Amino acid sequence: MSTTVHEPPQIDPDRLPKQGHPGNGGWRDLVPANGDLHVALDHSPPASSSAIYVVLFAITMMFAAFSSALIVRKGSSLDWQTFTLPSILYLNTLILLASSVTLEVSRRRVAVFMGGLKSQAESPARWLYITLFLGLLFVAGQYAAWSQLRAEGLYLATNPSSSFFYVLTATHALHVLGGLGGLIYVIRKLSKSTLRRNALDATARYWHFMDVLWVYLLCLLWMKL
Amino acid sequence: MHDMSAPAVHHHAPPTGFIRKHVFSLDHKVIGKQYYGLALIAAYVGMGLSWMMRIHLAWTDAPIPGLQLLSKTGAPGGVMTPEYYLQLMTMHGTIMVFFVLTTAPFAAFGNFFLPIQVGAEDMPFPHFNMMSFWVTFTAFIVLMASFFVSDGPTLGGWTQYAPLNAVGAVAGPGQGTGVILWMTSIALFCVGQLLGSLNFIPTTLDLRAKGMSLMRLPLSAWAWFITSCMGLTAFAVLMPACILAILDHVAGTSFFVASNLVINGQPIAHSGGSTLLWQHLFWFFGHPEVYIAIVPGIGIVSHILITNMRKPILSHRTLIYSMGALAVLSYMVYGHHMFVSGMNPYSSLAFSFPTLVITIPSTIIVLIATFSLYGSKLRINSASLFALGFISMFVSGGVSGFFLAQPSIDIMLHATYFVVGHFHLVMGVAAMFGIFAGTYFWFPKMTGRMMNETLGKIHFWLSFVGAYCIFMPFHYLGMAGNVRRYSSFPDDFLQPLIPVHRFITVAALITGAAQLIFLYNLIHSRFWGKPAPDNPWEATSLEWSTPTPPPFDNFGGELPVVYHDPYQYGVQSSAGDYVMQTSPEQVKTEHEEK
Amino acid sequence: MAKFFAITIIVIAILSAIPILRHTWEAPEDISTHGALIDEQTSETMAEAGISFLAAQFVLAFFIWKFSNPGPNAKLKNFPGGAKGLVIAAFLVVGIEVLALGIFGAKAWANVYLTAPSADAVPIQVQAQQFAFYFRYPGPDGKFGRLDPAQINDTTENFFGIDANDPAGKDDIVTAEMAIPVNREIHLLMHSIDLGHSFFVPALRIQQDFVPGLDVSLHFTATKVGKYEIVCTQLCGLGHYNMKAYLYVYSQEDFDNWLKKEAALQ
């Protein structure tokens, strides 16, 4: 789409970010999907920006526990058998990273909305749907990886290395599914104009964390398995 | 342009309908009361279990009337079998540590009062908060279900060491389904507590009212905040450990089960696992867990004492930093549970140093609490008695830590009653006293009625003296070599100690009976207690500025503004010798917050 | 009531201290060479812990007595020095105390765990299982036979699963009681065939867990003849309370006779 902007856009002063207000939405952070703030619908408590970090910290600790269990278990006995990681994992990694990109695109679209430039923006919802699709594709790809391992005779209890492979990837995939739930929540709220900017930011941070976590797990598995 | 930072001008509707108001409530106060109710039930179940244990230890072959109704195989004719003793003991420990000591001081009081003390309408995620209670409740039901499965509950102790926790029923009764139920229950419990931390931490960081700086938070709020941070790290490690143990049990993996094991003549199919790995994961959670049990008590007791001393403590900041130091150090000391476990002896030495060092913040807390009494105008009531009793009990329980922190001495004291005495004094008594103090103090605000003071004092006296009679002798038993987790004492060298056990049992039964006085007082006062004024203790923090009991949005639609530090006592104001945090009145402060 | 409370605290503190001061319940007499350091460490810790305990309870009681239910003219005061003095005291007094305990205690620990057994220590294997201890002596050839878990057979009393194909195992002596010669270093090799157990002999001042999958090594020397009890201290199932074995400390001559007798019973 080609748009030549010859002069600065006219921004509705009501939609300008307030100094010091959390997020940069209107009242209680709401993101107007169609340009209007439906103020009366939001009864929830004020936005909290620290909560997502609480969640990410807990998830980090959980995977730290699994990681140290892996390292100790590998060193505690001689029965660790390495195997080649299914190659589809690398494709899945690219898919997940792509989904982070698409999520960021949708966030940029939201920023455009906030500035009142709705007429020149595509719906951010479309990019959220793409992210959702890529996320589902990732989970399906993980399932394919498990199927491939099963075909090679590597099950959960076959060897400690395969045990950790399944535990780590399955736990990660479960958390990705949780992230998909968050995306669905965001899409629904956006369509009803009750989405809060803070909720979108938190979901995005969670999603990007799933990326980073996956890359870490891939490295760990690649090094140790 | 409307000013969005002013107190909320629109009111959201209060909840309607019985289910929304009392069952699946989003109101943090209802959730707090639900947690309290859960802890209350758990406490009496746990106490009943301890009675049965103590009776069996003192009179091993005597039948306990009615016990066969609970388990025909566990107690034929009412006489407890050794395995049933261990099963009851495991449930006692698990119920008390998780469903009483983590639930009441932190989840119950914290849920009710943290949002009010910071000046918020509710927690930021009421749905997750509601989920946190119901997940915890489900965890309790799952655990209790193990009483009713054919084999009974697991007998491996609340610590569930590997490989006993993973090899299945071949190792003993309860080690099949019982273990699975235990692991599932505890994994659920971890989820519930993580959801709780998810609310507590943002409440403290993001939802404070105007004028409520971090240093103006009451000590109880700080304690809940620090505890929720500890819980975040600790429970997030226990849950994966439980998952791995369940997998070893049902999926044939070998995370914790070593090779070539033969149990009762039966070869075990697992191989290669690390026995000590479970201990490392468990105690990395387990040690912070005991600080999760005590830190809210420290905050609550300080909060109550200050109100009853009519003067702030010597240094608000120091107490906060000390609680924080306890939290941070609690992660570095966990190996002191493993000194003789077979881990590297250099690691044992390494863990002993932070364990000794953690004495320093504990001492600072005791010193500040005690020496703040100097020059105070101490009021004696049920709440302050339990708060003062907390200090005495925390000292008593803490000094035995000096011994256990040293690996060389631990050689003689590990797995003896000395350890049992130590942790019962700090957890089973001091932390419980914190719960009692909080109850007597906050009951008026939570229910709108006063508790009976006379009954409260009787409850205190019997509990204080009784608890010492029960748990002080445990230390002597331990020093004499009395091993713990024994269902009876056939060994020659233990025979002279049996009379001590009988004394302890009698003390336990009497002290336990005294807790029924508390239960009666609680229930009777709830319905027929004297109506309570909004601020019966002439206290300063935000919870006393609300109506009694507080409405669904705590402050009636208008968020408070905070003008003062939390403990402005000993001043001259229109209210008396104190000024509330929300009062705009300027007063001559005698005490600067340091 | 406050004054009564203060008195109660003091009475309880004193009553608690009495059994300690009168040595009413104590660890049995030490019969080991390394135990003296442990006992010394324990006494020092008891002195420091005891003084801290009594002082803290007395100060608490005193303040409760003095500052409760004040008269109408009472004025609020702060403890002289305030928090700063207390914090400094805590760091200095407790800090030095714990450093001293830690540093000196390390020596007692190192004696047991950070020294290697001497070359002429008597090697004895200990096996723990539900719910018994078994002991193995290498016999005249001085070598332990190979172990094969598949050959464990309690009915034929091959508790260890000594490999029938290994000639070194033919003269191994397996017993249900442990005997050791006095004043000679013993090298214990500990393993468990099923679960976690622990080996505790209070008189010998040793306690060590068995770890399934690991062979744990321990060494000590007994200094007095007598009969003692080895008890299990790690929860291992319903028979945990009854899992024990007797330890006999014999003179060298009696030990040799005992070993010969046991060898004949194999």
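Residues numbered from 1 in each chain as written. Chains lettered and ligands numbered in written order. Predicted model: local features only at pLDDT ≥ 70, side-chain atom pairs only at ≥ 80, totals over all residues.

Peer 1: Would you take a moment to explain the confidence of the model for chain C for this structure?
Peer 2: For any part of a model where pLDDT is low, the fine detail of the predicted coordinates should not be relied upon. With 100% of its residues at a pLDDT of 70 or more, chain C has an overall mean of 94. For this predicted complex, the interface confidence reaches an ipTM of 0.96, while the overall pTM sits at 0.94. (pLDDT = per-residue confidence, 0-100.)

Peer 1: What should I look at first to understand the confidence of the model for chain B in this one?
Peer 2: Averaged over all residues, the pLDDT of chain B equals 94, while 97% of them reach at least 70. Note that residues 1-11 of chain B has pLDDT below 50 and, in this model, 10 contacts with residues that lie over four places away or in other chains. (Contact = placed C-beta atoms within 7 Å.)

Peer 1: What is the right way to look at the pairing of strand β3 (residues 569-573) of chain B in this model?
Peer 2: On a regular strand, one side chain projects to one face of the sheet and the next to the other, so that they alternate. Residues and elements named next belong to chain B. Pairing of β3 with strand β4 (residues 576-578) involves two bridges; the strand directions are antiparallel. Paired with Ser573 across the strands is Gly576, a residue of β4. Taking the residues that link successive antiparallel strands as the turn, the β3-β4 hairpin has two residues. (Pairing = 2+ DSSP bridges. Helix = DSSP H or I, 4+ residues; strand = E, 2+ residues; numbered from the N terminus.)

Peer 1: I would appreciate a short explanation of the sheet that holds strand β5 (residues 185-192) of chain C in the present structure.
Peer 2: The strands that make up a sheet pair up through hydrogen bonds in the backbone, lying either parallel or antiparallel. All names here are of chain C. As summarised here, the arrangement of the five strands in space is β3-β2-β1-β5-β8, forming an open sheet in which the pairing is mixed. Every interior strand has two partners, whereas the edge strands, β3 (173-175) and β8 (216-221), have only one. Neighbour to neighbour, the strand axes of the sheet diverge by 25° on average, direction disregarded. Pairing geometry for strand β1 (residues 122-129) and β5, over seven bridges, is parallel. Counted as the bridge partner of Gln127 is His191 from β5. (Axes fitted to C-alpha atoms, helices over the stretch in contact; angles between N-to-C directions.)

Peer 1: I keep staring at the interface of chain A and chain B and nothing clicks. Help me out?
Peer 2: Many analyses report the size of an interface as the accessible area lost when the parts associate. The partner chain B presents 35 residues to the 30 residues of chain A that form the contact. When residues of the side of chain A that touches chain B are assigned to their parent elements, the largest contribution, 13 residues, is made by helix α1 (residues 51-76) of chain A.

Peer 1: Looking at this structure, how should I read the domain arrangement of chain C?
Peer 2: All names here are of chain C. Here the domain parsing of chain C yields domain 1 (2-69 + 81-113) and domain 2 (122-265). Domain 1 and domain 2 are separated by 38 Å when their C-alpha centres are compared. At the junction of the two partners, domain 1 supplies 10 residues and domain 2 supplies nine residues. (Domains from an automatic or database assignment.)

Peer 1: Which parts of the structure should I look at to understand helix α4 (residues 160-191) of chain A?
Peer 2: Given 3.6 residues per helical turn, the α-helix brings residues three or four places apart onto the same face. Between its terminal C-alpha atoms α4(A) stretches 47 Å, which fits the 46 Å expected from 32 residues at 1.5 Å a residue. Immediately beyond the C-terminal end of α4(A), within one or two residues, lies Ser193(A), with a positive phi of roughly 60°. (Expected span 1.5 Å × (residues − 1).)

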